[in-house]
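What follows is the residue order along each chain.
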Amino acid sequence: MKGSPMDSGEDFDMLDSVDDEDEDPPPLEDAGGGEKEMKREEGAREADGKSSDVTDDSPARAEEWLDVLGNGHLKKKVLEAGNGPDSKPQKGQNVKIFLKMSLSDGTVVEEEPCLSFTLGDGDVIQALDLTVLLMEMNEKAIVHTDAKYAYGGLGSTAPAVPPTSPLILELQLLEATDAPDLELLSPQDKIRLAGQKRERGNTYYQRGDYTFAVNSYGIALQITESSSKVDVSPQEEEELLDMKVKCLNNIAAAQLKLDHYDAALRSCVSVLVHQPDNIKALFRKGKVLALQGEYAEAIKILKRALKLEPSNKTIHAELSKLVKKHSEQRDMEQAMYKKMLGNPSSSTLQKHKAKSSWSFSWKWLFGATAVAIGGVALSVVIAARN
């Protein structure tokens, strides 16, 4: 994904612009469709005269494919039953699985004997998040997934998956444990964990999956903001703050891509509360304000950013473009006001002139009359004295 440094993949470290900072992004697709599909299949068996006593753990059940989402694009088949329904993992737990990933022609593209991730956090492809949630401990299963729930239309370089490729996943659930208490984590462990979530968000951002990017950045942000029951040194506080600012900047970037301008503005403001001279936050704030039509304020913000970093060509280009737009906007507004007020007609001018002339005549006549009366009065007075 190419772009200007201010719009690249990093804070990432220059990622340009809770589903917003205050709103939760959409979760992964509901896996409940699988349970509905199982009930429909049970009803069909009963209608055919088959025994309704067959349970999910029976060999007959293990041979069936489960349509996880009810759309035919994600199917799971149990190869070996696990330790029972009560052993299924919960969203938010840390799990370990055996994974063998193959293309539809059988080419193995990845094999992980012990892959660890947090279930439901978007740390892995969606197919894994959705299907592992349905597995029992020690269960072995095979999953067929469409590209939509794997690496999509872009594919992947690591693992090497061509664009729009369906995948075959061989899985075994090895372990499920509760996630660590964030309040008890050391500052360095928090920074490390938040960094992992942020990097996952970067991957989503670079792939154009901005909603999932917001989700990952939001999780990382929650980690940095969590309270602590262990001692934190001033240096560690600075490191946590630096990670928090990076997450907020990246969230703003993804929110801009989603056209969530109010949310992106709040994210930028949050950065500037901690770091008033943060160039990325100032630049993105200026972009958001411009997109909202606040050209004068946007120009003011970008000039401030340019003063802090005069050699930044991206800010120069954005500011130049914005000044031009602002000038055009003012010209349009002036033209609109002139049109609304209109030009005085000739008849109106004539009436105005006639009124002025009439007014002048009356004033002149009144003045002349006053002078004449004054003259008569004076003559009377003089005659009386004589």
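Below: a short report on this structure. The structure presented is a predicted model; accordingly, all values stated were derived computationally and were not measured.

Reading the values: rules and limits
- Residues numbered from 1 in each chain as written.
- Predicted model: local features only at pLDDT ≥ 70, side-chain atom pairs only at ≥ 80, totals over all residues.
- Heavy atoms only, no water.
- Helix = DSSP H or I, 4+ residues; strand = E, 2+ residues; numbered from the N terminus.
- Areas by Shrake-Rupley, 256 points an atom, 1.4 Å probe, with all protein chains shown as cover.
- Expected span 1.5 Å × (residues − 1).
- Buried < 20%, exposed > 50% of the residue type's maximum accessible area, 1.4 Å probe, protein only.
- Arc of directions from axis to C-beta.
- Phe/Tyr/Trp six-rings, centres within 6.5 Å; stacked < 30°, edge-to-face > 60°.
- Lys NZ or Arg CZ within 6 Å of the ring centre and 35° of its normal.
- Core = buried A, V, L, I, M, F, W, Y, C linked by side-chain atoms within 4.5 Å.
- Contact = heavy atoms within 4.5 Å.
- Pairing = 2+ DSSP bridges.
- Axes fitted to C-alpha atoms, helices over the stretch in contact; angles between N-to-C directions.
- Salt bridge = Lys/Arg side-chain N within 4 Å of Asp/Glu carboxyl O.

**Thoughts on the overall build of the chain**
No. 1: Counting its regular elements, the chain contains 11 helices and 6 strands.
No. 2: Surface exposure of the chain reaches about 21,600 Å², of which carbon and sulfur atoms provide 54%.

**Brief notes about helix H9 (residues 295-308)**
No. 1: Taking 1.5 Å of rise per residue, the 14 residues of H9 would be expected to cover 20 Å, and the 20 Å separating its terminal C-alpha atoms lies within 8% of that figure.
No. 2: Buried within H9 we find Tyr295, Ala298, Ile299, Ile301, Leu302, Ala305 and Leu306. Along H9, the residues classed as buried sweep out an arc of 165° about the axis, all on the same side. Counted as exposed and oriented over 90 degrees from the buried face of H9: Lys300 and Lys307.

**Thoughts on the packing of aromatic side chains**
No. 1: Following the criterion strictly, the structure yields 2 aromatic pairs and no others.
No. 2: Ring centres 5.3 Å apart and planes at 70° place the aromatic pair tyrosine 205 and tyrosine 210 in the edge-to-face group.
No. 3: According to the relative accessible area criterion, tyrosine 210 is buried, its value standing at 16%.
No. 4: Over the face of the ring belonging to tyrosine 204 we find arginine 200, whose NZ or CZ atom lies 4.7 Å from the ring centre.

**A closer look at the nonpolar core**
No. 1: Ranked by internal contacts, the top residues of the largest apolar core, which has 44 residues, are Tyr205, Ala213, Ala254, Ile315 and Leu322.
No. 2: For this core, the secondary structure elements donating two or more residues are helix H4 (187-207), helix H5 (210-225), helix H6 (234-257), helix H7 (261-274), helix H8 (279-291), H9 and helix H10 (313-341).
No. 3: Ranked by residues supplied to this core, first place goes to H6 with 9 residues.
No. 4: Ignoring sequence-local partners within four residues, the contact set of isoleucine 315 consists of Ile279, Phe283, Leu302, Ala305 and Leu306.

**Focus on the sheet that holds strand S4 (residues 108-118)**
No. 1: Strand order in this open sheet of 6 strands is S1-S2-S5-S6-S3-S4, and the pairing throughout is antiparallel. Looking at strand neighbours, the two that pair on one side only are strand S1 (65-67) and S4, the edges of this open sheet. Strand-to-strand, the axes of this sheet are offset by a mean angle of 25°, without reference to chain direction.
No. 2: The sheet contact formed by strand S5 (residues 140-145) and strand S6 (residues 167-177) spans 6 bridges and is antiparallel. Directly across from histidine 144, in S6, lies its bridge partner isoleucine 168.

**Notes on the pattern of salt bridges**
No. 1: In total, this model carries 11 salt bridges according to the counting rule given.
No. 2: Note that glutamate 80 and lysine 140 form a salt bridge whose closest N and O atoms lie 3.9 Å from each other. Here the residue glutamate 80 occupies a position in strand S2 (residues 74-80), and lysine 140 occupies one in strand S5, the gap between them amounting to 60 residues.
No. 3: A relative accessible area of 42% means that glutamate 80 is categorised as partly exposed.
No. 4: Its relative accessible area of 32% is what places lysine 140 among the partly exposed residues.
No. 5: Between lysine 197 and aspartate 121 there is a salt bridge; the shortest N-O distance is 3.0 Å. One end of the pair, lysine 197, is in helix H4; the other, aspartate 121, is in the loop between S4 and helix H3 (126-132), with 76 residues separating them in the sequence. Comparing lysine 197 with aspartate 121 shows no difference in burial state: the two are buried.
No. 6: Via salt bridges that share partners, Asp121, Asp123 and Lys197 belong to a single interconnected network.

**Some points on the environment of leucine 265**
No. 1: Looking at where leucine 265 falls in the secondary structure, it is placed in helix H7.
No. 2: Excluding its chain neighbours within four sequence positions, the residues that come into contact with leucine 265 are Lys285, Val288, Leu289 and Gln292.

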